[in-house]
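Coordinates in review
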Amino acid sequence: MEQLMNCQGLTKRFGYKTALDGVNLTLERGRIIGLLGPNGSGKTTLIKLLNGLLAPTSGTISINGSAPGPETKKIVSYLPERTYFNSWMKVTDILNFFCDFYEDFDRNRASDMLRRLGIDENERLGSMSKGTKEKVQLIMVMSRDAQLYCLDEPIGGVDPAARDYILQTIITNYNENASVLISTHLIADIENVLDDVIFIENGHIRLHASVDEIREQEGKSVDALFREVFRC
Amino acid sequence: MLGKLIKNEFKAVNRLMIPLHLGLIAVTIIGRFYLQFTVFNNPGRAVVMSDNIWFGLLNATLIVFYILALFAAALITGIYLEIIRFRKNLFTDEGYLMHTLPVTASAHIWSKLIVCLVWVIVDVILVVLSVFGLFVNMDILRALPEGLSLMFSSFPEAFGVSAGLGIPLYLLLILVDSVSGILVIYMCIAVGHSFNTHKILSSVGIYVGVTMINSILSMIFSAITGMVSYTSMSLTVAAESTVNGPAYFWMSWIFSLLLSLATGVISYLLANYFMTKKLNLE
């Protein structure tokens, strides 16, 4: 299968602290990949490196053949673990903003999802709850026809009903050329939608396997395996 | 993409800049009416100059308030556009959105710079117009031609070249110096925020360092040529120098321009490099 993302010897240090240590990783197209690991294992660092928000200390990243930059940002859709919109913006302002900058943004798809989740396009972000803001942000990110979706803790703050809907949109939205990289602690919730899992610990990749392999070889669910591998 | 960035940048900063400057205009108009009725329409200055201490206090308070409003408009414009907006939009949470747009770092810098410069120029013009609009009456207007011609005729004596040449050249220098000053701040923020900790402290430290280097260069130039230098970043002016004349005007002008240009270009290149290769969002 064709490579979508490849990193070689990827290392990121913050002062004396090593967040990622010589990571070699390849992501293929058409997969939903869970990036799983305990707090501080390097999940967010890896995703930020893929999006060019951090510069690697050493090593290389290649997304669709290019290092992170304007070209890769056209095809990578990123949901950070924090809210990045101004509170004075209305939902329509954000829709306009995404239409302006992302050629692959599908405004109708976004409007449909907003309507489905009962979010008013004329509402200001400042008057929304944290969970609603997260929904808006996720809708924006998933309304792009990107090739790589990087979702950092996408379902942490939303209620279980919306969680199901969001996971459903993630599955239905992406195509065989695209992959979705989801980092989360809520493994049981997303286990059923995952094709592959990556276990990451202390900046090292512990395991990169398909969910089917894990079930066949280990005879247990990803959630159970995670608890076993990362037992405290 | 630059056009879209500029459009969205205007949309964001206009929310503060338009009310701020409408406020300035309102203060000017109210002040003008007040002066018109109390001072200009009372040739004898009966109301204002009366011995009533309360009128005196009131007028003094109003003038202080007006001067503060002028300073506030200029300071808020400068600090918000040159420092806060650049840092907040590109190096805090909002940076997660801005830096994942398919846009180069240089486009970010240019969009911020252009919008900032437009508003700073509008601000300067409005502040000048406000002072003008508040105090100018027929007496001043009648005296204006004579005053201006005096200013123009004494210009060569002070600066060594004619006013028609000197004023546009100084305006150009001030413009280049302003752009360069903004780019220095951008560079300091971009470099400072590439560190893992003490990002703001580092930014300030770098700014102090750059300002000192610039001042030292200006001082060396002044020491060599014997000119008095007024340095705001790198502006050296031959005024009140013991060595006047066209040659000195050109020497100081070219020195200042080159120093400003060099500072600006180096700052731009560094800001661009650090935003492209050393981005380190928390």
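The present account deals with the structure reproduced in this document. Values in this document were obtained by computation on a predicted structure and should not be read as measured data. (Residues numbered from 1 in each chain as written. Chains lettered and ligands numbered in written order. Predicted model: local features only at pLDDT ≥ 70, side-chain atom pairs only at ≥ 80, totals over all residues. Heavy atoms only, no water.)

Remarks on helix α1 (residues 43–50) of chain A
Residue and element names in this part refer to chain A. Put simply, the rule is: Think of it in three bands: residues with accessible area under 20% of the maximum for their type are buried, residues over 50% are exposed, and the middle band is partly exposed, with areas taken using a 1.4 Å probe on protein chains only. Labels follow the DSSP assignment, with helices taken as runs of H or I lasting at least four residues and strands as runs of E lasting at least two, numbered in each case from the N terminus.
Within α1, seven of the eight residues are buried, leaving the element largely enclosed by the surrounding structure. Residues of α1 that are buried include every one of K43, T45, L46, I47, K48, L49 and L50, and no others. Positive backbone phi, approximately 75°, marks G52, located one or two places after α1.

Describing the interface of chain B and chain A
Interfaces are often sized by the amount of accessible area the parts lose when they come together. This is how it is decided: In what follows, a contact means two residues having at least one pair of non-hydrogen atoms within 4.5 Å. Here the quantity called buried area is the total loss of accessible area, with a 1.4 Å probe, experienced by two parts when brought into contact, counted for both. Whenever a carboxyl oxygen of Asp or Glu lies within 4 Å of a side-chain nitrogen of Lys or Arg, that contact is scored as a salt bridge. For this analysis, a polar contact is any N or O atom pair within 3.5 Å, provided that within protein one partner can donate a hydrogen and the other can accept it, and provided that sequence-adjacent residues contribute only side-chain to side-chain pairs.
Of the residues lining the interface, 28 residues belong to chain B; the matching set on chain A comes to 27 residues. Here chain B packs against chain A, burying approximately 2600 Å² in sum over the two surfaces, 59% of which is carbon and sulfur. It is B:Y96, B:L97 and B:P102 that lose the most area in chain B upon contact with chain A, and together they represent 25% of the buried surface on that side. Here chain B and chain A share three salt bridges between them. In this structure, the salt-bridge partner of B:K7 is A:D100, at a minimum N-O distance of 2.8 Å. Across the chain B-chain A interface, the total number found is 13 residue pairs in polar contact (both at pLDDT 80 or more). When contributions to the side of chain B that touches chain A are tallied by element, the ones reaching two or more residues are α1 (2–40) and α3 (93–98) of chain B. In terms of residue count, the dominant contributor to the side of chain B that touches chain A is α1(B) (seven residues).

Quick notes on the sheet that holds strand β4 (residues 58–63) of chain A
All names here are of chain A. Put simply, the test is: Two strands qualify as a pair provided that DSSP identifies no fewer than 2 bridges between them. All axes are obtained by fitting lines to C-alpha atoms, using only the stretch in contact for helices, and the reported angles, taken between N-to-C directions, cover 0 to 180 degrees.
With respect to topology, three strands assemble into an open sheet ordered β2-β1-β4, the strand pairing being antiparallel. A strand with exactly one partner marks an edge of an open sheet, and here the two such strands are β2 (17–28) and β4. The sheet shows a mean angle of 15° between the axes of neighbouring strands, direction not considered. Alignment of strand β1 (residues 3–14) against β2, held across eight bridges, turns out to be antiparallel. Looking at β2, one finds that F14 is bridged to K17. Across the sheet, α1 is in contact with β1, β2 and β4; its angle to β1 comes to roughly 120°.

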